[in-house]
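# Breakdown of the fold
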Amino acid sequence: VKNPPRLIARTLAVTFITVALILSVVFIVLMVEARDRVRAAEMEKLGVAERVFTALEAARQQDQLAAIGTVAENPTLKAALDTYFTESRFTGLPAEQEISLRDTVTLEVEKLAALTRADVLAVLDSGGHVFATAGPSAADWPRGERPDIAIAVPSTLQGMAVLPSGAFRVSGAALRLVDRDIGALLLGTRLDGAYARELSNLAGADVVIVVRGVVVASTLPPDVTGALGRQGFHAAATQTLQGEEFAIRTLLDSGPARIYTLASIDAAARTATRDALLTLATVAFGAFVLAGVGSLWLARTLADPIDRLSGEIAMMTASRDLRRPLPPTGTSRELDALAQAFNELMEGLTAAEADTRAAYLGAIRGLAATLDARDPYTAGHSERVSALSVLIGRQMGIGETELEVLRLGALLHDIGKVGISDQILRKPGPLLPDEFEHLKRHPGLGAHILRQVPFLGPHIPIVELHHERPDGRGYPFGLRGDDIPLAARIVHVADAFDAITSARAYRPARSATEALAELHAYSGTQFDPASVDALLTVVPLATATPEPALQELLGRQTV
Amino acid sequence: MRSGVLLVSLWASAVPWTVDPAAQQEAVVRGRVEIGVPITARRPSSAYPTRSVPAPALAPASERRHVVVYLRDAPRQPVAPMRVALRQRDESFVPRVVAVTVGSEVDFPNEDPIYHNVFSLSRAKTFNLGRYPRGETRGVRFDVPGVVKVFCEIHSHMSATVMVFDHPWFATPDDAGRFELARVPVGDRQITAWHERLGDTTLNVRIESGRPVSADFTLPVPQQ
């Protein structure tokens, strides 16, 4: 037999499954949405980085140009440079003069380089060859070398210079004398790891510098940089490197050099996902706790009144007390309606049972009356014994249920006489011993008849044992004292009282007082003393009872 | 106005007569200097030169005065010193180029309402006259032949050239570009026109006694 689950298990399961489903949907939506949001945010970040870079670079270029404009006005530098080339063209320069002039230029350049803090400050002659350099990267600009310079902004000499040992961002100014250029002064920033890191700090993203298609500096991890070197840059906004998706934006595209900024969408998405999951976990914990508490409370408000009702019903069943109505629970309309319906059902059942009992009492009364009617002397005997037994029983404090048994058992106590012949029953004289033996069979016969009717089980001892005596000389079993059921003892006393006060064919009726005296005389031997005492108490009171059988019984004594 | 600025005091008559009188073999060289601008000569990028020729915008006539024509590898001659003024006016040296004989004195009068400085790093004469105000004049004597670049330490864009010769065969063209070198000794000679931006341009001429020689320059000569 399948045992259905408890209500609380069901509400908990339903609530938890619902919460889990909602959370799963929210989780999936969050994950998809988080990645899209991160992608857009990273793109936006790179866009901002580009704008910041552009603005800062513009300011930096402006500063550099201002600085270099001032530097390019250095008279000593220009004088030395112009003297150098004018004289070397005119007559040629002796060695010490050349060294002296070049040193003059170099000294000035070094002083200026210290002021500008550029990677390199270079003086080019009018032919574009390196004449003098200073700065940390001066060695990359060997004298006489003609750097490949791509000028992006011609008026200000801004652009890219590529030398064998590296690429430089340059901005410069012409060295102008009266109305002619005697050379140029260039301020160079080396495109190396340090520059990439500086840009990366500015941009808040990784930076890759590519010169002539070759990655020269990168702040990305080496393996990603390697993958980038193999793949090259696509013209797309995103590119997948080493399994990670990167957002890419060009910061600078100037001649042979390009500077890109990259941001890993996956890395940002991981962070966003972790944050979202943490939030979701917190929400989930709260939701489960709330749902658990809520469904526990719900289950209790449902289950507790039901438990109370079923406890009440169990108690009613145990005590066989069906008349008390179930109290309304006051917790829900449905439960109160259920209790109400139950009460109505019980009322209906009680009423039907009362009807059934009345009907079957009537039938049994009729049967007993029929039996009594066989002998005019015993007419109404059963009714009278029944009424008197109930009086005695009530006097002795017997419960209502047992009184009912007593009433019916007393009514049927002589039913076994159905099997006794009229010759014996109606014999107008003392019975012969074998006739008496025959008569003594009637309790057993009565019990036998009652056994045929299932619900008369409780009444059998009364019928079977109502001729037993406390001294053990009764029949059919010769039981003693307390071995005889109380109901049987009461019926025995009531039976004797009615027999004495009734007329017989062989003797007249005697008075109730005589009967009581005789019963009292045999109390303890023939009759149960407690029952006899009760009888003595109830007989004077019985005049007040409306029971017709009793009226008849007691009225007789006045006759 | 500009012609008045140049104070070369009749250098031709000032040259002493020192050439060997026995030879008397000399001739005058006359010519014109023309300056074609732009200076950048476009090189043909293919076998067939491009048909589009940049319009030859000529430099202003005054630019011709910044040319010095002289006899190259001339024998050293005793020459009379000169006195020339190189003014500082409107933050520039006027004239920008002067040619003088060895031993000449050049004055640098400051005619601007601001301080100026005059200095040179050149081998022929290295000097620094310091800073001085309007109205003041400081001078330098040039005793060594050669080219001397003159600058102002305060105004880095100012520049002038003093060419010092130890012979008399040099000239500065007039506004029309005409010049004349008198009494050039006979023989195969080289006449050079020097310009601070365009460099040297040299013509080979044969000087024959008593016959005037014509030497016309067009600067710049495209580089080979």
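Residues numbered from 1 in each chain as written. Chains lettered and ligands numbered in written order. Predicted model: local features only at pLDDT ≥ 70, side-chain atom pairs only at ≥ 80, totals over all residues. Heavy atoms only, no water.

Residue and element names in this part refer to chain B. On average, chain B scores 80 in pLDDT, and the residues at 70 or more come to 76%. Within the model, the stretch residues 1-17 combines pLDDT values under 50 with 25 contacts to residues more than four positions away or in other chains. When the criterion is pLDDT under 50, residues 38-57 qualifies, and its contacts beyond four places in sequence or with other chains add up to eleven contacts. In the predicted complex, the global pTM is 0.56; the interface-specific ipTM is 0.71. (pLDDT = per-residue confidence, 0-100. Contact = heavy atoms within 4.5 Å.)

This brings us to helix 6 (residues 265-319) of chain A. Residue and element names in this part refer to chain A. Over its 55 residues, helix 6 extends 77 Å from the first C-alpha to the last, a length consistent with the 81 Å expected when each residue adds 1.5 Å. The N-capping residue of helix 6, defined by a side-chain oxygen 3.5 Å from the backbone nitrogen of D266, is S264. Phi for R320, located one or two positions after helix 6, is positive at around 55 degrees. (Helix = DSSP H or I, 4+ residues; strand = E, 2+ residues; numbered from the N terminus. Expected span 1.5 Å × (residues − 1). Polar contact = N/O pair within 3.5 Å; in protein donor to acceptor, adjacent residues only side chain to side chain.)

The partner chain B presents 23 residues to the 23 residues of chain A that form the contact. Approximately 2000 Å² of surface area, both sides summed, lies buried where chain A meets chain B, with 59% of it carried by carbon and sulfur atoms. Its largest share of buried area at the contact with chain B, chain A owes to F90, V178 and R180 of chain A, together 33% of the area lost on that side. Across the salt bridge formed by D82 of chain A and K149 of chain B, the nearest N and O atoms sit 2.6 Å from each other. Scanning the region where chain A abuts chain B turns up six residue pairs in polar contact (both at pLDDT 80 or more). Among the secondary structure elements, those contributing two or more residues to the side of chain A that touches chain B are helix 2 (75-90), helix 3 (95-116) and strand 5 (166-177) of chain A. A total of eleven residues in the side of chain A that touches chain B trace back to one element, the largest contributor, which is helix 2 of chain A. (Buried area = accessible area lost by both parts, 1.4 Å probe. Salt bridge = Lys/Arg side-chain N within 4 Å of Asp/Glu carboxyl O.)

What follows deals with the sheet that holds strand 2 (residues 67-71) of chain B. The strand order across the open sheet formed by four strands is 13-2-15-16 (chain B), and the pairing between neighbours is antiparallel. Of all strands in the sheet, those with a lone pairing partner are strand 13 (170-171) and strand 16 (199-207) of chain B, marking the two edges. Bridge count between strand 2 of chain B and strand 13 of chain B: two bridges; the pairing is antiparallel. Directly across from V69 of chain B, in strand 13 of chain B, lies its bridge partner A171 of chain B. Contacting strand 2, strand 15 (187-195) and strand 16 of chain B, helix 2 of chain A runs over the sheet at an angle of about 20 degrees to strand 16 of chain B. (Pairing = 2+ DSSP bridges. Axes fitted to C-alpha atoms, helices over the stretch in contact; angles between N-to-C directions.)

Bringing unusual backbone geometry into the picture now. Between Y475 of chain A and P476 of chain A the backbone carries a cis peptide bond, its omega angle lying at 5 degrees. In this fold, P476 of chain A is placed in the loop between helix 13 (460-465) and helix 14 (486-500). For the peptide bond that leads from V94 of chain B to P95 of chain B, omega is -5 degrees, which places it in the cis range. Residue placement: P95 of chain B occurs in the loop between strand 5 (92-94) and strand 6 (97-101). Within the chain, D90 of chain B stands out as a residue other than glycine whose phi angle is a positive 50 degrees. Inspection of the secondary structure assignment puts D90 of chain B in the loop between strand 4 (87-89) and strand 5. Classification of D90 of chain B as exposed rests on a relative accessible area of 63%. (Buried < 20%, exposed > 50% of the residue type's maximum accessible area, 1.4 Å probe, protein only.)

This next bit is on helix 4 (residues 193-203) of chain A. All names here are of chain A. Residues Y195, A196, L199, S200 and A203 constitute the buried set of helix 4. Considered in projection along helix 4, the buried side chains sweep an arc of 140 degrees and stay on one side of the axis. Counted as exposed and oriented over 90 degrees from the buried face of helix 4: R197 and N201. Packing partners of the buried residues in helix 4 comprise helix 1 (7-71), strand 5, strand 6 (180-190), strand 7 (206-211), strand 8 (214-218) and strand 11 (257-264). One or two positions beyond helix 4, positive phi appears at G204, with a value near 70 degrees. (Arc of directions from axis to C-beta.)

A few words on the sheet that holds strand 9 (residues 238-241) of chain A. All names here are of chain A. Strands sit in the order 8-7-11-10-9 across an open sheet of five strands; the sheet is antiparallel. A single partner strand is all that each edge strand has here, and the edge strands are strand 8 and strand 9. In this sheet, adjacent strand axes meet at a mean angle of 35 degrees when their direction is disregarded. With six bridges joining them, strand 7 and strand 11 adopt antiparallel strand pairing. Its bridge partner lying in strand 11, D206 is registered against L262. Its contacts with the sheet put helix 5 (residues 222-231) on strand 7, strand 8, strand 9 and strand 10 (244-254), and the angle it makes with strand 9 is roughly 115 degrees.

Take the pairing of strand 8 (residues 116-121) of chain B next. All names here are of chain B. Counting buried residues along strand 8, five of its six residues qualify, which places the element largely inside the surrounding structure. Pairing of strand 8 with strand 9 (residues 126-132), which is carried by five bridges, proceeds in the antiparallel orientation. Each bridged residue has a counterpart across the sheet, and for H116 the counterpart in strand 9 is Y132. Counting the residues that bridge the hairpin from strand 8 to strand 9 gives four residues.

Below, the discussion takes up the nonpolar core. Where a protein is soluble and globular, its nonpolar side chains tend to be buried together. Core analysis: the biggest nonpolar cluster contains 34 residues, and F93, F108, F127, V150 and V162 of chain B have the highest contact counts within it. Those elements giving two or more residues to this core turn out to be strand 2, strand 6, strand 7 (104-109), strand 9, strand 10 (137-142), strand 11 (146-151) and strand 12 (159-165) of chain B. At five residues, strand 12 of chain B tops the list of elements feeding residues into this core. Once residues lying within four places of it in the same chain are set aside, the contact partners of F127 of chain B are F108, V118, F119, S120, V140, F142, V148 and V150 of chain B. One finds L65, A72, A80 and A134 of chain A within the second-largest nonpolar core, a separate group that totals 30 residues. (Core = buried A, V, L, I, M, F, W, Y, C linked by side-chain atoms within 4.5 Å.)

Once that is clear, we can look at the pairing of strand 7 of chain B. All names here are of chain B. Counting buried positions over the six residues of strand 7 gives five, a clear majority of the element. As paired elements, strand 3 (residues 83-85) and strand 7 share three bridges and run parallel to each other. Each residue of the ladder has a partner; that of R83, found in strand 7, is E105. Here six bridges tie strand 7 to strand 10, and the two strands are oriented antiparallel to one another. Following the sheet pairing, F108 is matched in strand 10 by R138.

All names here are of chain A. On the surface, L7, W297, L298, L302 and I306 cluster together into a nonpolar patch covering about 460 Å² of accessible area. When residues of the nonpolar patch are assigned to their parent elements, the largest contribution, four residues, is made by helix 6. Look at L302 and you get partly exposed, because its relative accessible area is 35%. (Patch = residues over 30% accessible without salt bridge, like charges linked within 9 Å, V, L, I, M, F, W, Y side chains within 5 Å. Areas by Shrake-Rupley, 256 points an atom, 1.4 Å probe, with all protein chains shown as cover.)

Attention now goes to the packing of aromatic side chains. Under the criterion given, the structure shown has 13 aromatic pairs over all chains. Each ring, one from W141 of chain A and one from F168 of chain A, has its centre 5.4 Å from the other, and the planes form 65 degrees; the classification is edge-to-face. You can see W141 of chain A sitting in the loop between strand 2 (130-134) and strand 3 (148-153) and its partner F168 of chain A sitting in strand 5, a full 27 residues away along the chain. Like F168 of chain A, W141 of chain A is buried. Measuring from centroid to centroid gives 6.2 Å for F108 of chain B and F127 of chain B, while their planes differ by 35 degrees, and the two rings are tilted. A residue pair is termed long-range when its members are at least 10 positions apart, and F108 of chain B in strand 7 and F127 of chain B in strand 9 qualify at 19 residues. Classification of F127 of chain B as buried rests on a relative accessible area of 11%. Pairwise contacts between aromatic rings join Y84, F85 and F131 of chain A into one cluster. (Phe/Tyr/Trp six-rings, centres within 6.5 Å; stacked < 30°, edge-to-face > 60°.)

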